[in-house]
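# Observations on chain architecture
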Amino acid sequence: MKFATNYKTFKKYKKSLIGGFYWQKGRPNIIFIKRNLEKYHITLPKSMSEYIEDY
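The paragraphs below set out a description of the structure included in this document. In this text, all values refer to a predicted model and were calculated from it rather than measured experimentally.

### Details of unusual backbone geometry
One non-glycine residue with positive phi stands out, namely K25, at about 55°. As for its position among the elements, K25 is in the loop between β2 (17-24) and β3 (27-33). Unlike most non-glycine residues, H41 shows phi in positive territory, near 55°. Tracing the sequence through the fold places H41 in the loop between α2 (34-39) and β4 (52-53).

### Some thoughts on the sheet that holds β2
Pairing is mixed across the open sheet formed by four strands, whose spatial order is β1-β2-β3-β4. The open sheet is flanked by β1 (2-4) and β4, the only strands paired with a single partner. For β2 and β3, the ladder comprises six bridges, and the chain directions are antiparallel. Considered in β3, the bridge of F21 is made with I30.

### Quick notes on the side chain of N36
Along the polypeptide, N36 turns up in helix α2. Within polar-contact distance, the side chain of N36 engages the backbone oxygen of K15 at 3.4 Å. With residues near it in sequence (within four places) discarded, N36 still touches K14, K15, S16, L17 and I18.

The rules behind these values
- Residues numbered from 1 in each chain as written.
- Predicted model: local features only at pLDDT ≥ 70, side-chain atom pairs only at ≥ 80, totals over all residues.
- Heavy atoms only, no water.
- Helix = DSSP H or I, 4+ residues; strand = E, 2+ residues; numbered from the N terminus.
- Pairing = 2+ DSSP bridges.
- Polar contact = N/O pair within 3.5 Å; in protein donor to acceptor, adjacent residues only side chain to side chain.
- Contact = heavy atoms within 4.5 Å.

Rendered as structure tokens:
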């Protein structure tokens, strides 16, 4: 399991990442990849559900 810390790495390795936290245009972004969370049987709290995306 991996977590990206910049957008370039996130885009390159998104098939094997569980998510990413990086700054883009001066704003922080946090993204979790739904299929990889399911693959590794990771469940996030409901408060984090807005950051889960399909890629």
